Amino acid sequence: MTGIAKLLEPHVQPVSLLTLYLLVVLLIAVVWGTALAVVTSVLSVAVYVTLFVDPAFALPIADTQTAVALGVFLITAVVVGTLASRLQRAAQTAERLTEEQSALRRVATLVAKAGPPSAVFQAVTSEVGKLYDADLARMERYETDGTVTGVAAFSRVPVHLAVGQRFALDGLSVAREVRETGRPVRLETFRGAEGAIAREARGLGIRSSVGCPILVAGRVWGVIAASTKSDQPFPPNTETRLASFTELVATAIGNAESRAELRASRARIVATADRTRRRIERDLHDGAQQRLVSLALQVRAVQALVPRELGEAAQELENIASGLSAALDELRETARGIHPAILAEGGLVPALKALARRSPYPVQLTVRANGRLPEPIEIGAYYVVAEALTNAAKHARASSVTVVVEARDDALHVAVEDDGDGGADFTAGTGLTGIRDRVEALGGRVSLHSPPADGTRLEADLPFAQQTTSAAG
Ligand SMILES: Nc1ncnc2c1ncn2[C@@H]1O[C@H](COP(=O)(O)OP(=O)(O)OP(=O)(O)O)[C@@H](O)[C@H]1O
Ligand SMILES: [Mg+2]
């Protein structure tokens, strides 16, 4: 720099040289900070005096004007250096805030999509790890027996404590401190600390850690912790800033728990209604139906005893017998509508065959499922097919219907397709909505494809195992 100044000296004013020095000070302040900028300013003055003002550096400088100019330069350089470095710090803070906001937005989008909480756990842990330049970030869930389970991890260093692993909270650790205080914590060092986690941290070269509780419905559900190997600890308030992330985690857990509760309660309502229908069907079968059967038998027996000359009475008895038989048929039909006994007794295949037989149009039925299936699935599939066949007869003017029931890896797939008028709509009645409610209560899905004049296809997937209802990662 001084070499350049020496070269330029014959051609430019001294003030221009000082401006050049000022620019260099500015650059140093931005890149290396205020302290070095101040040192450079002072050195610049010394070098300038030595080279250009008084080569012998015989202070005090004789020329007052030069002395004042140098003084002003020095002050200006220090002020400019300080301001530049402050501005740079502010810019860095703003950049970090922007990054933090972007990370929070990404996580919030994931939470809004209502995916599995484990995806949110991993996203939050990775975002926190990257955002704060951590070497290690972990999310852990507190168990009732006093241990913790790792639910997500981010690591720039090889970690031993894997996700899914459960470990005891002995000795010093962020997880333990957070559980005991219920507040954000900062551990400046693990030097000399007892316990497996502290030893593990030391082994990995971790110098310091921060952590923040995950509070769900007022209880400390878990913790997120970030650790660094650097001797430079995390910026102040990092542990408190983590709260924005843990609030999103808590929302995801709360939502998942509410959804699971809602699904369980819908499934209970459907199961209770099914039990009630089945009981009514049995009562009808064992009560009124049996009574009608025995009355019909009695009438037939009396008929056999009536002498020929009482033709009118015999005719009356015949009328009563046929009336009883018609009433019995009607009662059987009603009972079947309430709950088909054949479903409970024989299972899905005979029940579907019976449905197909009773249809006013040809039904092509294919069942690819072996043995009995869980009761709610058999009942669910039966009602899907029953409603679709009834609708095809009532609304579609169909000439044929195809029914396919297939046990896939994780769900029973049911598809009913007619070649009728199309235009089926969930909102236009209660039958299709009832089907959707029933299937969704089992954690399944229904889809309806019914363009005008192009037939109707109703599909349902009934999962064998309900999605896990716990928010565990
Ligand atoms: N297979 C079909 N083809 C054509 N239109 C259909 C078909 N299925 C349903 N729809 C139309 O969609 C509407 C809704 O059907 P949904 O089964 O919900 O009610 P619904 O059959 O009218 O009455 P219910 O409550 O007794 O079932 C029907 O009113 C009908 O207009
Ligand atoms: Mg209907």
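Regarding the overall build of the protein chain
Within the protein chain, the regular secondary structure consists of 13 helices and eleven strands. Computed over its C-alpha atoms, the radius of gyration of the protein chain comes to 41 Å, more than 25% above the 23 Å expected for a compact globule of 473 residues. Overall, the C-alpha framework of the protein chain stretches about 160 × 60 × 35 Å when taken along its three principal axes. The buried share of the protein chain, reckoned over its 473 residues, is 38%. The long-range fraction of contacts in the protein chain, counting pairs at least 24 apart against all pairs at least 6 apart in sequence, stands at 62%. As displayed, the protein chain offers around 25,600 Å² of accessible surface, 57% of which is attributable to carbon and sulfur atoms. Of the side-chain charges in the protein chain, 49 are positive and 51 negative, and the distance between the mean point of each set is 3 Å.

Examining the sheet that holds strand 3 (residues 166–168)
The six strands are arranged 3-2-1-6-5-4 in an open sheet whose pairing can be described as antiparallel. Here the strands that pair on one side only, and so sit at the sheet edges, are strand 3 and strand 4 (185–187). With direction set aside, neighbouring strand axes in the sheet form an average angle of 30 degrees. Strand direction decides the pairing type here: strand 1 (residues 136–142) and strand 2 (residues 147–155), joined by seven bridges, are antiparallel. Counted as the bridge partner of Ala137 is Phe154 from strand 2.

A word on helix 8 (residues 238–305)
Here helix 8 contains 68 residues, and its C-alpha end-to-end distance of 99 Å stays within 8% of the 100 Å for a straight helix at 1.5 Å per residue. Bending of helix 8 peaks at approximately 35 degrees at the position of Leu284.

Re the site of ligand 1
Neighbouring residues of ligand 1: 15 residues in total, closest Glu387, Asn391, His395, Asp418 and Thr430. Between ligand 1 and Asn391 there is a distance of 2.8 Å, counted from an oxygen atom to a side-chain nitrogen or oxygen. A distance of 3.1 Å is found between an oxygen atom of ligand 1 and a backbone nitrogen or oxygen belonging to Asp425. Across the complex, the protein chains shield 79% of the 590 Å² of accessible surface that ligand 1 would expose by itself. Residue assignment for the shell around ligand 1 shows that the elements contributing at least two residues are helix 12 (375–396) and helix 13 (431–441).

Observations regarding the coordination of the magnesium ion (ligand 2)
Surrounding the magnesium ion (ligand 2) are the protein donor atoms Glu387 (OE) and Asn391 (OD1), which sit 2.0 to 2.1 Å from the metal. A residue pair is termed a helical-turn pair when its members lie 3 or 4 positions apart in one helix, as Glu387 and Asn391 do in helix 12 at four residues. Since its relative accessible area comes to 15%, Asn391 is described here as buried.

With respect to the packing of aromatic side chains
Geometry of an aromatic ring pair is reported as the spacing of the ring centres plus the angle between the planes. The full count for this structure, using the stated rule, is two aromatic pairs. On the basis of an interplanar angle of 45 degrees and a centroid distance of 5.3 Å, the ring pair of Phe121 and Trp221 is categorised as tilted. One end of the pair, Phe121, is in helix 5 (residues 117–131); the other, Trp221, is in strand 6 (residues 219–228), with 100 residues separating them in the sequence. Ring centres of Tyr382 and Tyr383 lie 5.6 Å apart, and the angle between their planes is 80 degrees; this geometry places the pair in the edge-to-face category. With respect to burial, Tyr382 and Tyr383 carry one shared label: buried. Over the face of the ring belonging to Phe426 we find Arg436, whose NZ or CZ atom lies 4.2 Å from the ring centre.

Things to note about the sheet that holds strand 9 (residues 411–418)
Here we have five strands laid out as an open sheet, ordered 7-8-9-11-10, and mixed in their pairing. Of all strands in the sheet, those with a lone pairing partner are strand 7 (363–368) and strand 10 (445–449), marking the two edges. Pairwise comparison of adjacent strand axes, ignoring direction, gives a mean angle of 10 degrees for this sheet. Pairing of strand 9 with strand 11 (residues 456–463), which is carried by eight bridges, proceeds in the antiparallel orientation. Along strand 11, the bridge assignment pairs Ala411 with Pro463. Relative to strand 10, helix 13 is tilted by about 150 degrees, and along the sheet it contacts strand 10 and strand 11.

Digging into the confidence of the model for the protein chain
Confidence along the protein chain averages 86 in pLDDT terms, with 91% of residues attaining 70 or more. The model gives residues 467–473 a pLDDT under 50, and that stretch makes 16 contacts with residues more than four places away or in other chains.

With respect to the packing of helix 8 against helix 9 (residues 311–338)
Viewed as axis vectors pointing N to C, helix 8 and helix 9 meet at an angle of 165 degrees, and their least axial separation amounts to 9 Å. It follows that helix 8 is roughly antiparallel to helix 9 by the angle criterion. In the crossing of helix 8 with helix 9, the sense of the turn from one axis to the other is left-handed. Residues of the contact of helix 8 with helix 9, tallied by class, amount to 19 nonpolar, four polar and five charged.

Describing the pairing of strand 10
Judged from the five bridges that link them, strand 10 and strand 11 form a sheet pairing that is antiparallel. If you follow Leu448 over to strand 11, its bridge partner there is Leu458. The hairpin formed by strand 10 and strand 11 contains six residues between the paired strands, and Ala453 there has a positive phi angle of roughly 60 degrees.

Cut-offs and rules
Residues numbered from 1 in each chain as written. Chains lettered and ligands numbered in written order. Predicted model: local features only at pLDDT ≥ 70, side-chain atom pairs only at ≥ 80, totals over all residues. Heavy atoms only, no water. Helix = DSSP H or I, 4+ residues; strand = E, 2+ residues; numbered from the N terminus. Rg over C-alpha atoms; globule rule 2.2 N^0.38 Å. Buried < 20%, exposed > 50% of the residue type's maximum accessible area, 1.4 Å probe, protein only. Contact = heavy atoms within 4.5 Å. Areas by Shrake-Rupley, 256 points an atom, 1.4 Å probe, with all protein chains shown as cover. Lys, Arg positive; Asp, Glu negative; His and termini not counted. Charge placed at Lys NZ, Arg CZ, Asp CG, Glu CD. Pairing = 2+ DSSP bridges. Axes fitted to C-alpha atoms, helices over the stretch in contact; angles between N-to-C directions. Expected span 1.5 Å × (residues − 1). Bend = angle between axes of the 7 residues up to and from the residue. Near = heavy atom within 4 Å. Polar contact = N/O pair within 3.5 Å; in protein donor to acceptor, adjacent residues only side chain to side chain. Donors = N, O, S within 2.8 Å, 3.2 Å for Na, K, Ca; no water. Phe/Tyr/Trp six-rings, centres within 6.5 Å; stacked < 30°, edge-to-face > 60°. Lys NZ or Arg CZ within 6 Å of the ring centre and 35° of its normal. pLDDT = per-residue confidence, 0-100. Parallel < 35°, antiparallel > 145°, perpendicular 65-115°, else oblique. Left-handed = near helix turned anticlockwise from the far one by under 90°. Nonpolar A, V, L, I, M, F, W, Y, C, P; charged D, E, K, R; others polar.

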